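Notes for the structure review
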Amino acid sequence: MSTMRAASDWLSQTHLSSAIADRFWAVPTLQSIHIVAIGIVMSSIALLDLRLAGFLGREQSMRDLTLRFYPWIWGALAVLVVTGLLQIMAEPGRELLNWIFWTKMGLIVGAVLFTAPVRRLLEDCRFRDLSAGKRAVVRTCALLSLAMWMMVLICGRWIAYAGAPA
């Protein structure tokens, strides 16, 4: 943790950190843009996971849906990375020394690694074309994916209120 504290202290002394933190409008603006991008990612992921689970769009192939939603997801993720990095620069101690922040980062990696292969396997399948056993497995995976993404969202909100050492 001392290495992370040193990195946090160093970042807080940079010109960029001061430039963001010293402007009263910068952090709320970054947070607002971040929240809009979260909405885009979460709604797109939810639609894809609900399709995987067979709750909606059962007649559409995953390929059609991924072609429709992945550009939105990737674009919004790029915005999230930029706004997230700038928010870290504004308040490095609040983020980098916070176990909830690192939990959120781990959940993001886990959610991507968990759900991407399942979607790829089903690119050209309609839900009704799957066997009953495969439907149950895919539904379970989709609901686990949705739960992981919801935990990312919860951790993101929780960062502001808990987790940073005194």
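Residues numbered from 1 in each chain as written. Predicted model: local features only at pLDDT ≥ 70, side-chain atom pairs only at ≥ 80, totals over all residues. Heavy atoms only, no water.

**Points about the nonpolar core**
Note the following rule: Each nonpolar core is a collection of buried residues, namely Ala, Val, Leu, Ile, Met, Phe, Trp, Tyr and Cys, held together in the definition by side-chain atoms within 4.5 Å. Exposure categories follow from relative accessible area, calculated using a 1.4 Å probe and restricted to protein chains: below 20% of the type maximum is buried, above 50% is exposed, and the middle band is partly exposed. In this description a helix means any DSSP run of H or I spanning at least four residues, a strand means any run of E spanning at least two, and both kinds are numbered starting from the N terminus. A contact between two residues is defined here by any heavy atoms of the two lying within 4.5 Å.
Ranked by size, the top nonpolar core spans 35 residues in total, and within it Ile20, Leu48 and Trp149 carry the most contacts. Those elements giving two or more residues to this core turn out to be α3 (26-52), α4 (62-90), α6 (99-121) and α7 (132-158). Those residues within four positions of Trp149 in sequence are excluded, and the remaining contacts are Met42, Ile45, Asp49, Ala111, Val112 and Thr115.

**Details of the packing of α3 against α7**
The cut-off we apply is this: For helices, the fitted axis covers only the stretch in contact; all axes are lines through C-alpha atoms, and the angles between them, taken along N-to-C directions, range from 0 to 180 degrees. When an angle is under 35 degrees it counts as roughly parallel; over 145 it counts as roughly antiparallel; between 65 and 115 it counts as roughly perpendicular; any other value is oblique. What makes a crossing left-handed is the near helix being turned counterclockwise from the far one by less than a right angle; a clockwise turn instead makes it right-handed. Ten residue types, Ala, Val, Leu, Ile, Met, Phe, Trp, Tyr, Cys and Pro, are classed as nonpolar, four, Asp, Glu, Lys and Arg, as charged, and the remainder, Gly among them, as polar.
For the pair α3 and α7, the least separation of the axes is 8 Å and the interaxial angle reads 165°. Here α7 runs roughly antiparallel to α3, going by the angle between their axes. Like other packed secondary-structure pairs, α3 and α7 cross with a definite hand, here left-handed. Between α3 and α7, the contacting residues are Ile38, Met42, Ile45, Ala46, Asp49, Leu50 and Leu52 on the first element and Val138, Arg139, Ala142, Ser145, Leu146, Trp149, Met150 and Leu153 on the second. Here the residues of the contact of α3 with α7 sort into 12 nonpolar, 1 polar and 2 charged.

**So, a nonpolar patch on the surface**
Put simply, the rule is: Distance thresholds for patches are 9 Å for like charges and 5 Å for nonpolar side chains (Val, Leu, Ile, Met, Phe, Trp, Tyr), applied to residues having over 30% relative accessible area and no salt bridge. Using a 1.4 Å probe, accessible areas were evaluated by the Shrake-Rupley method; residue-level cover was limited to the displayed protein chains. Salt bridges, as used here, are contacts in which a Lys or Arg side-chain nitrogen is within 4 Å of a carboxyl oxygen on Asp or Glu.
Taken together, Leu47, Phe55, Leu56 and Leu143 make up a surface patch of nonpolar side chains, about 330 Å² in accessible area. For Leu143, the location among the structural elements is in helix α7.

**Here we look at the confidence of the model for the chain**
Quick reminder of the rule: Scored from 0 to 100, pLDDT records how confident the predictor is in each individual residue.
Averaged over the chain, the pLDDT score is 87; the fraction of residues at 70 or greater is 93%. Across the chain, element-level confidence peaks in α3 with a mean pLDDT of 93 and bottoms out in α6 with 83.

**What about the pattern of salt bridges?**
Under the defined criterion, the tally for this structure stands at 2 salt bridges. Across the salt bridge formed by Arg94 and Glu91, the nearest N and O atoms sit 3.0 Å from each other. Where Glu95 meets Arg94, a salt bridge forms, and the shortest distance between an N and an O atom there is 3.9 Å. Connected via shared salt-bridge partners are Glu91, Arg94 and Glu95.

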